[in-house]
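So you can see what is in the structure, the chains are spelled out below.
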Amino acid sequence: MTDVVVLTQLLRTGDDPFWSRLRSVVLARGFDPETVVLVESCEQGDMSEFGILVYRDKRVYQYALCSATGSWLDGNLVEWTDITDRWHSTPYKESIEEGLRLAQSPV
């Protein structure tokens, strides 16, 4: 099982407050977490997480989720950037390519 598959499963079913909050913010942006592929997720410091999401329609978004209160339940998006036109030049190209393939089939 690849990292992309594991991250996507955590996004969809993870019990940790971080995964629950990420599902909520993805829904608030109008996307179904059951059809999103999470290709990157990494800690950027205390209560700050960077990630990249891929959608079935081949859109790619970079996000940063942070919490000022010390609880992911209060986490807010501080970045939500459409990188669809420039993901090829990012260091995450390989995982995004995998995510685009997986987004077209059930994970």
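Residues numbered from 1 in each chain as written. Predicted model: local features only at pLDDT ≥ 70, side-chain atom pairs only at ≥ 80, totals over all residues. Heavy atoms only, no water.

Engineer: I'm lost on the side chain of Glu 98 in this one. Help?
Structural biologist: Within the fold, Glu 98 resides in helix α3 (residues 93-103). Salt bridges are absent for the buried Glu 98, whose nearest opposite-charge side chain, Arg 101, sits at 5.3 Å. (Helix = DSSP H or I, 4+ residues; strand = E, 2+ residues; numbered from the N terminus. Buried < 20%, exposed > 50% of the residue type's maximum accessible area, 1.4 Å probe, protein only. Lys, Arg positive; Asp, Glu negative; His and termini not counted. Salt bridge = Lys/Arg side-chain N within 4 Å of Asp/Glu carboxyl O.)

Engineer: What exactly am I supposed to notice about the packing of aromatic side chains here?
Structural biologist: Inspection of the entire model under this criterion finds 8 aromatic pairs. Seen in terms of ring centroids, Phe 18 and Trp 72 are 4.9 Å apart; in terms of plane orientation they differ by 70 degrees. Their pairing is edge-to-face. Here Phe 18 is found in helix α2 (residues 17-28), whereas its partner Trp 72 is found in the loop between β3 (60-66) and β4 (76-82), with 54 residues between them in sequence. This pair shows no difference in class: Phe 18 is buried, exactly as Trp 72 is. Cluster of aromatic residues (ring-pair linked, three or more members): Phe 31, Tyr 55, Tyr 61 and Trp 80. (Phe/Tyr/Trp six-rings, centres within 6.5 Å; stacked < 30°, edge-to-face > 60°.)

Engineer: Is there a simple way to explain the environment of Thr 84 in this structure?
Structural biologist: Residue placement: Thr 84 occurs in the loop between β4 and α3. Its relative accessible area of 22% is what places Thr 84 among the partly exposed residues. In this structure, the C-alpha to C-alpha distance between Thr 84 and Arg 59, residues 25 residues apart in sequence, is 5.2 Å. Separated by 2.9 Å, the side chain of Thr 84 and the backbone nitrogen of Val 60 make a polar contact. (Polar contact = N/O pair within 3.5 Å; in protein donor to acceptor, adjacent residues only side chain to side chain.)

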